[in-house]
Amino acid sequence: MLQFVRLKRFVSVAAVIYQRAGLQVHFESTFLSAVGVMYTTRRSFDQVQRLRVRTKALQHDYEIKISRGILDNIGEEARACLGGHARRIAVISNQKVFDIYGRRTIRSLDASDFLVCRWLIGYGERFIFLRTAEQTLAFLCKSGLERTDAVLALGGGVVGDLAGFVASVYLRGIAFVQVPTTLLAQIDSSVGGKTGVNLSLGKNLVGSFHQPRAVLLDIETLTTLPARELVAGWREVIKQGAVASHKLFQQTTAFLNQLSSNKSALVSPKLEALIASHCAFKAAIVAGDEREAAGRKDHRSRRVLNFGHTVGHALEATTRYRRFRHGDAVGHGVVVAGELSKNLGLLDASGLESLREGVRLCGPLPRAHDIDETAIMNSFVRDKKSVGGHIQWVLLERIGRARIVDGKEITPRLLRVSLRAGLRTAQGDY
Ligand SMILES: NC(=O)c1ccc[n+]([C@@H]2O[C@H](COP(=O)([O-])OP(=O)(O)OC[C@H]3O[C@@H](n4cnc5c(N)ncnc54)[C@H](O)[C@@H]3O)[C@@H](O)[C@H]2O)c1
Ligand SMILES: [Zn+2]
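No experiment lies behind these values; they were computed from the predicted model shown.

Turning to unusual backbone geometry, a few remarks are in order. Positioned with a positive phi, L171 is a non-glycine residue whose angle comes to about 50°. Locating L171 in the fold gives a position in the loop between α5 (157-169) and β8 (175-180). We note that Y321 has phi near 60°; this positive angle belongs to a residue other than glycine. Here Y321 is to be found in the loop between α10 (309-318) and α11 (326-343).

The structure is reproduced here in structure tokens:
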């Protein structure tokens, strides 16, 4: 362990030196997580940022590659991670994303000798139900995909969750590759192997853990993303920073401040580095707790990534997935969780203000104060993270330090007060 600590220190120092000198270098830093799982980050400047994700349970470790223009090399990248036996590849996307990036993707896959078929789904949450999965599975079957073939998800979190789910159950599981094209998908949903579809009773109630063979991430795709989607994505970035570390939270808010005065910062090495840091955080959490073990309540359990999501999912469900982008609902959830943390005496006023400020910096937030409180409270009951009938609330002790609190320790009155304050604050301030 000591050797790893020394090694980590050494390579970090080396990286800083090279970065300052602006040299074209390739460095690698190696970490050993608490459970003895290894992951690696690499960067060759002006080329590609790489993270290697490996968990105990995984048969294949995989790489997250971040590079501008990687879309033109999707074929080579897919061939490299899928091997020579893969003949067919099903590109799952939606019309909008496919119209912009489909041709390039297919050209590149063709050039690497894949037989490509494509399946386009509708837009948004309302289109990922079991029926959609069944239709997609029938398509894979009719297209003749075999065990050694693969699915490629080209799109945001909705496409990625559905594509991952069908890949996990088709022929008892085939390979899949994530090509996330939204900010939310790039820092969050494409990393970690959670897949799923919704039931009318609630979000993601059916799903599986199925890790991708590779995550290939081109930040240039963010330039075509509608502003509202970008804003919603930033709220997930804020959420992740808040549970990761004070440093990552600050880097995120500093970048958002910069972006508000200089839009061109969106496609910059700085954003690539920020996304890489978020992916590294998420990958480390996943490596230590791949399946979100029910017994874990520590601040590095996978559960902490659900910060803001209990209220977020409830808002989505009570408005039938029509009013909010997922990230926006989470933005409200982050503020409410902050209020609850403060009301329980865990988080101080400045911590709560930082959270509010972070959510505010992302951009306009759809109103939520008019939604029936009782309907929201009833929706908590179906929260799939419940243990023994009690919600496991992810709260904050401070920015960068989450605490999981059993719902039975929180009175309905305190919950209502926090909910009201959080949703009203959002309405008043944003
Ligand atoms: N699996 C996980 O771990 C995980 C984590 C977080 C969120 N999620 C899920 O992700 C989903 C939300 O994902 P999302 O925010 O990416 O939304 P999304 O997939 O609905 O994409 C948003 C919209 O942007 C469009 N779009 C995507 N990329 C584009 C581009 N580059 N240019 C132009 N338009 C583009 C899409 O067509 C869509 O209309 C939710 O269902 C959420 O539950 C999953
Ligand atoms: Zn989310």
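On we go from here.
The next thing to look at is the site of ligand 1. In the vicinity of ligand 1 lie 28 residues, with G156, G157, V158, T182 and S189 positioned nearest. Every element with two or more residues in the shell around ligand 1 is listed here: α3 (95-111), α5, α6 (183-189), α7 (227-244) and α11. When the residues that make up the shell around ligand 1 are grouped by side-chain class, the tally is 9 nonpolar, 13 polar and 6 charged.

All right, on to the nonpolar core then. Of all hydrophobic cores here, the largest spans 115 residues; its most connected members are I92, A150, V151, L152, L162 and A283. Per-element tally for this core: the top contributor is helix α9 (residues 269-288), with 10 residues.

Here we take up α11. Here α11 contains 18 residues, and its C-alpha end-to-end distance of 26 Å stays within 8% of the 26 Å for a straight helix at 1.5 Å per residue. With 17 of its 18 residues buried, α11 lies for the most part within the structure. G345 sits one or two residues past α11 and shows a positive phi near 80°.

Two elements in contact, helix α8 (residues 246-261) and α9, have axes whose closest approach is 11 Å; the angle formed by their N-to-C orientations is 150°. Considering the angle they form, α8 stands roughly antiparallel to α9. By crossing handedness, the relation of α8 to α9 is classed as left-handed. On the side of α8, the interface is formed by L248, Q251, T252 and F255, while α9 contributes K270, L271, L274, S277 and F281. Its residues assigned to classes, the contact of α8 with α9 comprises 5 nonpolar, 3 polar and 1 charged.

Thresholds applied
- Residues numbered from 1 in each chain as written.
- Chains lettered and ligands numbered in written order.
- Predicted model: local features only at pLDDT ≥ 70, side-chain atom pairs only at ≥ 80, totals over all residues.
- Helix = DSSP H or I, 4+ residues; strand = E, 2+ residues; numbered from the N terminus.
- Near = placed C-beta within 6 Å.
- Nonpolar A, V, L, I, M, F, W, Y, C, P; charged D, E, K, R; others polar.
- Core = buried A, V, L, I, M, F, W, Y, C linked by C-beta atoms within 7 Å.
- Buried ≥ 20, exposed ≤ 12 C-beta atoms within 10 Å, placed from the backbone.
- Expected span 1.5 Å × (residues − 1).
- Axes fitted to C-alpha atoms, helices over the stretch in contact; angles between N-to-C directions.
- Parallel < 35°, antiparallel > 145°, perpendicular 65-115°, else oblique.
- Left-handed = near helix turned anticlockwise from the far one by under 90°.
- Contact = placed C-beta atoms within 7 Å.

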